[in-house]
Structure formats: C-alpha cells, structure tokens
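Topology and contacts: notes
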Amino acid sequence: MSQVAPSAPQIVTPKGLGPGFIPVTIVMTVINIAVMFAVLYLPLNFLLPSESNAASDSAVSIDGLFKFMTVFGVAITVYVSGYTAYFAFVFRRRPGESIYTVGVPIHDAPKLEFWWTLLPTILLVVLMGLTISVWKQIQFPDTAAALTTEVVGHQFNWEFRYPGLNGSLYSPTSEMHLPYGKPVKILVSSADVIHQFWVPEFRLKVSAVPGMVTQLNLTPTRAGRFDISCSEYCGANHSIMQGSLVVESPDAFNKWLAAAKVQVANASGTISLAGGDPGVGKTTFSQKCAACHNAGGTFDQKIVGPGLLHVTDDPAHPKLVDDKPPTPEDIAEILVKGYTGPIGAMPNRQANGLSDSDIANLVAYLVSLK
Ligand code: CUA
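This text gives an overview of the structure that appears in the document. (Residues numbered from 1 in each chain as written. Predicted model: local features only at pLDDT ≥ 70, side-chain atom pairs only at ≥ 80, totals over all residues. Heavy atoms only, no water.)

**Quick look at the overall build of the protein chain**
- Looking only at helices and strands, one finds eight helices and 12 strands in the protein chain.
- When burial is assessed residue by residue, the protein chain has 40% of its 370 residues classed as buried.
- Contacts in the protein chain between residues at least 24 apart in sequence constitute 66% of all its contacts with a sequence separation of at least 6.
- Element-wise, carbon and sulfur atoms account for 64% of the exposed surface of the protein chain, whose accessible area totals about 21,100 Å². (Helix = DSSP H or I, 4+ residues; strand = E, 2+ residues; numbered from the N terminus. Buried < 20%, exposed > 50% of the residue type's maximum accessible area, 1.4 Å probe, protein only. Contact = heavy atoms within 4.5 Å. Areas by Shrake-Rupley, 256 points an atom, 1.4 Å probe, with all protein chains shown as cover.)

**Comments concerning the pairing of strand S7 (residues 204-208)**
- For strand S6 (residues 195-199) and S7, the ladder comprises five bridges, and the chain directions are antiparallel. Directly across from His195, in S7, lies its bridge partner Ala208. (Pairing = 2+ DSSP bridges.)

**Notes on the sheet that holds strand S9 (residues 224-230)**
- With mixed pairing, the five strands of this open sheet are ordered in space as S4-S10-S9-S6-S7. Each having just a single partner strand, strand S4 (176-179) and S7 make up the two edges of the open sheet. Averaged over all neighbouring strand pairs, the angle between strand axes comes to 25 degrees, with direction disregarded.
- With two bridges joining them, S6 and S9 adopt antiparallel strand pairing. By the bridge assignment, Phe197 is partnered in S9 with Cys230. (Axes fitted to C-alpha atoms, helices over the stretch in contact; angles between N-to-C directions.)

**A word on the environment of Leu204**
- Considering the arrangement of structural elements, one finds Leu204 in strand S7.
- Since its relative accessible area comes to 7%, Leu204 is described here as buried.
- Considered as a pair, Leu204 and Ile138 are 66 residues apart in the sequence and their alpha carbons are 9.1 Å apart.
- Apart from the residues lying within four places of it in its own chain, the contact partners of Leu204 are Ser58, Ile62, Ile138, Phe197, Trp198, Val199, Leu216 and Leu218.

**As for the pattern of salt bridges**
- Enumeration over the complete set of coordinates arrives at five salt bridges.
- Arg161 serves as the salt-bridge partner of Glu150, at 3.3 Å between the closest nitrogen and oxygen. Of this pair, Glu150 sits in strand S1 (residues 147-154) while Arg161 is found in strand S2 (residues 157-161), placing the two residues 11 residues apart along the sequence.
- We classify Glu150 as partly exposed; its relative accessible area is 32%.
- You can call Arg161 partly exposed: its relative accessible area is 34%. (Salt bridge = Lys/Arg side-chain N within 4 Å of Asp/Glu carboxyl O.)

**Observations regarding helix H6 (residues 328-337)**
- Listed as buried for H6 are Ile331, Ala332, Ile334, Leu335 and Val336.
- Taken from the residues just after H6, Gly338 is the one with a positive phi, measuring 80 degrees.

**As for helix H1 (residues 21-41)**
- When the terminal C-alpha atoms of H1 are compared, their 30 Å separation across 21 residues agrees well with the 30 Å that a helix rising 1.5 Å per residue should span.
- All of the buried residues along H1 are Phe21, Thr25, Met28, Asn32, Ala38 and Val39. Projected down its long axis, H1 carries its buried residues within an arc of 150 degrees, all on one side. The exposed set on the far side of H1, more than 90 degrees from its buried face, consists of Ile22, Val30 and Tyr41.
- Taken together, the buried residues of H1 touch helix H2 (57-90). (Expected span 1.5 Å × (residues − 1). Arc of directions from axis to C-beta.)

**Considering the packing of aromatic side chains**
- On inspection of all chains with the given rule, the structure shows 16 aromatic pairs.
- Each ring, one from Phe68 and one from Phe72, has its centre 4.9 Å from the other, and the planes form 50 degrees; the classification is tilted. Residue Phe68 and its partner Phe72 are both found in helix H2; the two are separated by four residues, about one turn of the helix.
- Ring centres 5.0 Å apart and planes at 70 degrees place the aromatic pair Tyr162 and Trp256 in the edge-to-face group. Pair noted here: Tyr162 is in the loop between S2 and strand S3 (169-170) and Trp256 is in helix H4 (residues 250-267), with a separation of 94 residues, a long-range link. (Phe/Tyr/Trp six-rings, centres within 6.5 Å; stacked < 30°, edge-to-face > 60°.)

**A closer look at the layout of surface pockets**
- One number sums up the size of the largest pocket: a volume of about 850 Å³.
- Looking at the largest pocket, it is lined by 37 residues, and the ones nearest its centre are Cys292, His293, Met346, Pro347 and Asn352.
- Of all elements in the fold, only helix H5 (278-289), H6, strand S12 (344-346), helix H7 (349-352) and helix H8 (356-368) reach the threshold of two or more residues within the lining of the largest pocket.
- The two domains that each donate at least three residues to the lining of the largest pocket are domain 2 (147-267) and domain 3 (278-367).
- Each pocket or cavity is described by its volume, and for the second largest pocket that value is around 720 Å³.
- Every residue lining the second largest pocket is counted, 18 residues in all, and those nearest its centre are Tyr79, Val80, Tyr83, Trp116 and Leu119. (1 Å grid on protein atoms, 1.4 Å probe; cavity = no way out; pocket = protein on both sides within 12 Å on 5 of 7 lines; lining within 4 Å. Points joined across faces, edges and corners; volume = space filled by probe spheres on them. Domains from an automatic or database assignment.)

**Let's talk about the sheet that holds strand S5 (residues 184-190)**
- With mixed pairing, five strands are arranged side by side in an open sheet as S3-S2-S1-S5-S8. Every other strand in the sheet has two partners, leaving S3 and strand S8 (214-218) as the edge strands with one partner each.
- Of the pairings in the sheet, the one linking S1 to S5 comprises seven bridges and is parallel in character. By the bridge assignment for S5, Leu147 is matched with Val184.

Structure follows, in structure tokens:
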C-alpha cells in the first residue's frame, strides 16, 4: 500500500552564484579597504606595535612586514569566511525540500582554480622577498658594525661583554648599554642551557645556545631604557631572568664604558679575608646563595649549584680550581669573579650584590662547614 506524496511546494533554487553575490563582494571589499587604511594610518597601539615604541631600524622594517601580513591576512579572512557564510545561507535547504536533496554537482572550474592558485602564490613570493630582505639586514648587514658586544645567557641572568672591558657585567646589577645612531653587532651565546635574548622595542629575539654564537645586527634609533627578557623556558627561575638595556648618545655611552672599566678593575682587586664572621656569613648565605646552593654534601643535595658542605675538603670540589683543594682565597676569587666550568656557572659579585665584607663572612662560614 503506497502513500500519496504531498504536493511539492514551489521551491526556487538560486541560480549561479546566487542573487547577492555582487553586493556581498562589494561590502567585503569596502571592509577590507577600511581595515587596510586603519592598519596603515591609524595608531592602533592596542593591536599593533606603534612607531613611537620602535627603538631600532630593525623594528621599523619588522613592523612594516607585520603590517603587510596584517592587511592581507585580514582580507583573506574576510573573503573566505564571508563567502562561506554567504553560500551557506543562499544555498541552504528550503522548507519542504527533502533532506536528501543534493546541490548541483560541480566538477572543475579551471578559471577559478587558476586564480586561487596564482594569487596566493604571488602573495607568498612577495612575502618571502620582503622577509628575506629584512632577515639579510639583521644577519648580513651592508655596513660594518661600529660596536660589537657579547651577551651570554646564564641560569638565571645575562652576562654582557664589551671591547676593552677586562671582565663581564651581569644583570640585574649591571645594565647593558648601547649608543644610538651607530650600527651594532650583538653576539649571543649561552653558558649552560638554551635561553633567548629578547628586546621587544627592537622586535628581535635570538636564541642563546651553548656552543654556538648567534647574532643580531641593528642600529638603535632613540635613547631609552628597555627590558631584556629571556623568552625561552630555561629552568625554575626563567621568569626572573631579566635585564635592562640603556640606549644613549654615543658620548654618554663612551662615558659609561670608561666608568664600567674602572668598576670591573676595582671589583677584581684582592679582598682582606681577616675578620670574616662565620655567623654573619651564614645569614648572608641564606639571603644571597641559598637559591642555588645549600650547605649539604657536594652533589647529593644539588639545587642549581653544588652543595657547599666540605667545600674545602671534598675531592669533587677541586674541579673548581685546577684539581687542587680550594683555599679560602680560591673561594673568595670565585665569589668575586663568578665561575663558568664543568659543574655549572655562577655570576660574579656585582650580579650577586656582594660587598667585600659579605665575601669575607661567606668565606669564613664556608670554611667553618668542613
Ligand atoms: Cu633563560 Cu629563560
């Protein structure tokens, strides 16, 4: 027994691209042009890095690259999602249409395929060309650097080295300085694990990799004080691995460098260990050293650095000083200059904020532990 099908309602299937295709295209194009002008001419500081924030020639070219990608990224998003929504609406199933109704099958649209292949290809080739030119400027600059500096990452601070400076400066106690208006080369490496040197106002970050030297070439363009961040997770205290970069006039920079030379020379002078107080040293140890060391056995309770019980009579520790048992003077020297070697790295006295008497007290305390 068969049922009589209800009379089919009048269904109007849209033809071609549908009735609203041209208006919808015009609306999306207007939106895209408006966004393009907004990206290029409005100070959209909450969305885009602002020009006043940029502090180097590299930042200006990277911002340009970013704006280029934003303009075309927005256009592609608007067209793709706009047409998807439009076609889904125009060719929706009408009331009364069977759920088994299929749309008009379409195979091959050579013209469309040609354009949707060619246009993205052109866009990507242009983007590649722009990217390579910016990359070349940062890695292989046309002009020789007027100043070469070195940055070494340590768990968890930055070491800065300068030509003519017989020693290193460490964050956060010391700042990195650069003169503006001169091309500089920044060589970056690491003493322990992989870090990443990042100055947001330069729009550049580069990995600090042990056993490898990476570099950035740029010309700072304005004076200011900028944050240096480690932007690659490197251990428990990654979040506090920060520093400051001071960009100043070449004259001010030269004055600072001269003063830093004096500071480093004074810091490596000899320290009188007489009168060191082990009790005071114990307190200093808990304040300044306990984040990385404890007073336990050399390696059985290692935190970041080794445990310092028996520092003067444990056979594992002479590695610090050419296979000889450390003397109090050796310990003082390591506290003054810091240490980089087979069992890790420790910043110098400036980075750790140690005065002469702090060092004398710490040595007295560490010697008393044996
Ligand atoms: Cu160093 Cu994260």
